[in-house]
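Chains, contacts and geometry: an overview
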Amino acid sequence: MKRIYMDYNATTPLLPEVLDAMRPYFSENFSNPASAYQSAQVARNAVEEARIKIAQILNADSSEEIYFTSCGTESNNIVIKGVAFENWDKKGKIITTSIEHKAVLQPFEWLGRYGFEPVFLPVDKYGILNPDEIRKAIDKNTILVSVMWANNEVGTIQPIEEIARICKEYEVPFHTDAVQVGGKLKIDLKEMPVDFLSLSAHKFYGPKGVGVLYARKKARFQPLIHGGEHERKKRAGTLNTPGIVGCAKALEITTKEMELENKRLWHLSEKLINGVLERIPIAIFDGHREKRLANTVHLSFRGVEGESILLSLDLKGVEISSGSACSSADLQISHVLKAMNCDPIAAQGATRFSLGKYNTEDDIDYVLEILPPIIERLKTLSVL
Amino acid sequence: MYSNKVMEHFMNPRNVGEIENPDGVWEEGNPVCGDVMKFYIKVEDNRIVEIKFKTFGCGAAIASASALTEMVKGKTVDEVEHFTREMLVEELGGLPPNKLHCSLLAVKGVKGAIEDWRRKKNQNVS
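Everything numeric here is computed off the predicted structure, so don't read it as measured data.

**Comments concerning the overall build of chain B**
Secondary structure assignment for chain B yields five helices and three strands. Its helices and strands taken in sequence order, chain B reads α-β-β-β-α-α-α-α from the N to the C terminus. Against the globule reference of 14 Å for 126 residues, chain B gives a C-alpha radius of gyration of 14 Å, in line with a compact fold. Dimensions along the principal axes, computed over C-alpha positions, put chain B at roughly 50 × 30 × 20 Å. Burial status across chain B gives 46% buried among its 126 residues. Counting contacts in chain B only where the partners sit at least 6 residues apart, residues at least 24 apart contribute 62% of the total.

In structure tokens form, the structure reads like this:
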């Protein structure tokens, strides 16, 4: 059976061109970029070229503002805990939203146990943070604001520039988790006054195990990982040369193709949303119809359960994810849907279709053909 | 993630539906927390002669309810009251740890329907 992958927000396949770029740095040139001999110089050059390329794509002031980490989660952790360690003696308020990825929420909660004051701001029914909430919460004791650029579950895009400007006005460091934005939306760090930004290579057709942390030159933070002079003493550990090279290559390709790809994905996702809403009466679209990532479609089906939908689609070759309590490890409905004040029963039937490069119009037609009978069958089984 | 047996019950659940004028009926669970199961039984000479169910829930919930209806059909109520969730999990070829509660829900649901039958029977006698 043909497999149709529609879970690109979870991860993406590595592009063949990216693999080609990475290949020389596994066996052929394996040297540690921190070593002194000639082959190490080649590896070091590859890493530094990647750093420069990424800085240029993001329009950063300098490649010295780009740090390589092991993943988006690590980048988020470095910023949040690193800024907290910088302010360990005086503590202070740390502000975020209630719809962040757990890689932000949990470090915030953890810091709450050590005397910091975490604040989780509410969002509206579309999952959008009103920037006035930042104005209301921010004060002279605030040491960090962290707001995700786009949400991984519903794809809602935040008014990140406005939020960044408010933080700048109050001179509070601002971090954005841009893991779902890298390769999907234009990031211009000269236009956007953010102090910290996190990216993850495997979300934009790069390799797993590579994260990027952008930290503006004046931004102060302590390292999490000690053990050497790597990454300007901010992140010890031998550099992942092939991964870093692949990360830069993938960001380069996706940035180049972004505009056309977004148009294509918008068309496909709109077709999916409209098709489902027309064919399935119990379907609900979640999130914002315009202010959303072109690839992300979140739909709930009231009266059927999300994991059952996921399993049924999987048996037909379609791979998606679900936000229902049953399909999560902690048996809770998605905190994002909860924050959006969604109907808790409908939220049990939450599904996310996140499209990408290899999805076609035929894939959408196929889903629109098989989904209505799946929902119909599960509805017949259901008590509700 | 699931055993073949679970997937088979999920795709082809047995005894789905409702019974008109059941001798016992019970709904277990809460839609806000996840799964809800409803069981209907017909009892003759202390024996479950017919059983139907409906489930709002995940693959494990649907399979648990379906497999349990097969296990209890034709058994006496006394036999069924000794059923444990471990027996159901074994019948299903195992369940992932975070899905074990689904099997408990099914067992509680069927026992609830039996209790309902007993209650109604006692009312009729008195």
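**Examining the environment of Leu381 of chain A**
Residues and elements named next belong to chain A. Note on placement: Leu381 falls in helix H12 (residues 361-381). Residue classification places Leu381 among the buried positions, given that 22 C-beta atoms sit within 10 Å. For the pair Leu381 and Gly303, spaced 78 residues apart in sequence, the C-alpha to C-alpha distance is 9.9 Å.

**A word on the nonpolar core**
As a rule of thumb, nonpolar side chains are buried together in soluble globular proteins. Grouped together as the largest cluster of nonpolar side chains are 149 residues, with contacts concentrated most on Ile54, Tyr214 and Cys247 of chain A together with Phe39, Ile41, Ala106 and Val110 of chain B. A per-element tally of this core places helix H8 (residues 241-279) of chain A first, with ten residues.

**A look at the packing of helix H2 (residues 38-57) of chain A against H8 of chain A**
Residue and element names in this part refer to chain A. In the contact formed by H2 and H8, the axes pass within 9 Å of each other and the chain directions differ by 30°. The angle between H2 and H8 falls in the class roughly parallel. For the pair H2 and H8, the crossing hand works out as left-handed. Across from Ala43, Ala46, Val47, Ala50, Lys53, Ile54 and Ile57 in H2, the residues of H8 making contact are Thr241, Ile244, Val245, Cys247, Ala248, Leu251, Glu252 and Thr255. Classifying every residue of the contact of H2 with H8 gives eleven nonpolar, two polar and two charged.

**Section: the sheet that holds strand E2 (residues 66-69) of chain A**
Residues and elements named next belong to chain A. With mixed pairing, seven strands are arranged side by side in an open sheet as E2-E8-E7-E6-E5-E3-E4. Of all strands in the sheet, those with a lone pairing partner are E2 and strand E4 (117-121), marking the two edges. Adjacent strand axes in the sheet meet at a mean angle of 20° when their direction is disregarded. The sheet strands contacting helix H3 (residues 72-86) are E2, strand E3 (93-97), strand E5 (142-146), strand E6 (174-177), strand E7 (196-200) and strand E8 (211-215), and the helix crosses E7 at an angle near 160°.

**Comments concerning the sheet that holds strand E1 (residues 24-29) of chain B**
Residue and element names in this part refer to chain B. Read from one edge to the other, the open sheet built from three strands follows the order E1-E2-E3, with strand pairing classed as antiparallel. Of all strands in the sheet, those bounded by a partner on one side alone are E1 and strand E3 (47-56). Between one strand and the next, the sheet's axes are offset by a mean angle of 15°, whatever the strand orientation. Summarising the sheet, strand E2 (residues 36-44) and E3 pair through nine bridges and their orientation is antiparallel. Its bridge partner lying in E3, Tyr40 is registered against Lys52. Along the sheet, helix H5 (residues 100-125) contacts E1 and E2; its crossing angle with E1, the most-contacted strand, is approximately 145°.

**So, the interface of chain A and chain B**
At the junction of the two partners, chain A supplies 18 residues and chain B supplies 20 residues. Elements represented by at least two residues in the side of chain A that touches chain B include exactly helix H9 (306-315) and helix H11 (344-347) of chain A. With four residues, H9 of chain A is the largest single contributor of residues to the side of chain A that touches chain B. Among the residues forming the side of chain A that touches chain B, the class breakdown is eleven nonpolar, five polar and two charged.

**Details of the packing of H3 of chain A against helix H4 (residues 102-112) of chain A**
Residue and element names in this part refer to chain A. Contact geometry of H3 with H4 gives a least axis separation of 9 Å together with a crossing angle of 25°. As the angle between them shows, H3 and H4 are arranged roughly parallel. As for the relative orientation of H3 and H4, their crossing is right-handed in sense. Listed contacts from H4 to Gly72, Thr73, Asn76, Asn77, Ile80, Lys81 and Ala84 of H3 are Ala103, Val104, Pro107, Phe108 and Leu111.

**A word on unusual backbone geometry**
Even without being glycine, Asn59 of chain A reaches a positive phi, approximately 55°. Inspection of the secondary structure assignment puts Asn59 of chain A in the loop between H2 and E2.

**Some remarks on the environment of Ile375 of chain A**
Residue and element names in this part refer to chain A. The topology assignment puts Ile375 in helix H12. What makes Ile375 buried here is the crowd of 23 C-beta atoms within 10 Å. The contacts of Ile375, once residues within four sequence positions are left out, are Ile280, Ile282, Phe301 and Val304.

**What about H4 of chain A?**
One turn of the α-helix equals 3.6 residues, which is why residues spaced by three or four share an orientation. Among the residues of H4 of chain A, Ala103, Val104, Leu105, Pro107, Phe108 and Leu111 of chain A are the ones counted as buried. Summarising the contacts, the buried residues of H4 of chain A are in contact with H3, E3, E4, E5 and E6 of chain A.

**Here's the deal with H12 of chain A**
Residue and element names in this part refer to chain A. Relative to the 30 Å expected for 21 residues at 1.5 Å per residue, H12 spans 31 Å between its end C-alpha atoms, a close match to the ideal helical length. Along H12, the sharpest kink reaches roughly 25°, centred on Ile370 and followed within four residues by the proline Pro372. By the burial criterion, the buried members of H12 are Asp363, Ile364, Val367, Leu371, Ile374, Ile375, Leu378 and Leu381.

Reading the values: rules and limits
Throughout this description, residue numbers start from 1 for each chain and increase along the sequence as written. Chain A is the first chain written and ligand 1 is the first ligand written, with later ones labelled in order. Thresholds applied to this predicted model are a pLDDT of at least 70 for local features of residues and 80 or more for the giving and counting of side-chain atom pairs; totals over whole chains, interfaces and linings are not thresholded and use all residues. Strands are runs of DSSP state E lasting at least two residues, helices are runs of H or I lasting at least four, and both sets are numbered from the N terminus onward. A radius of gyration in this sense is built from C-alpha atoms; the matching globule rule multiplies 2.2 Å by the number of residues raised to 0.38. Exposed residues have 12 or fewer other C-beta atoms within 10 Å of their own C-beta, buried residues have 20 or more, and residues in between are partly exposed; the C-beta atoms are placed from the backbone. Residues are treated as contacting if the C-beta atoms built from their backbones sit within 7 Å of each other. Throughout this description, the term nonpolar core refers to a group of buried Ala, Val, Leu, Ile, Met, Phe, Trp, Tyr and Cys residues whose C-beta atoms join them within 7 Å. Angles run from 0 to 180 degrees between N-to-C directions of axes, and those axes are lines fitted to C-alpha atoms, restricted for helices to the stretch in contact. Here the word oblique covers every angle except those under 35 degrees (roughly parallel), over 145 (roughly antiparallel) and from 65 to 115 (roughly perpendicular). When the near helix sits turned anticlockwise from the far one by under a right angle, the crossing is termed left-handed; a clockwise turn instead gives a right-handed crossing. Each residue gets one of three labels, nonpolar for Ala, Val, Leu, Ile, Met, Phe, Trp, Tyr, Cys and Pro, charged for Asp, Glu, Lys and Arg, and polar for the others, Gly among them. In this description, strands pair whenever DSSP reports at least two bridges between them. Every helix has an expected span of 1.5 Å times one less than the residues it contains. Throughout, the bend at a residue refers to the angle made by two axes, fitted to the seven residues ending there and to the seven starting there.

The values are spatial; any link to function lies outside them.
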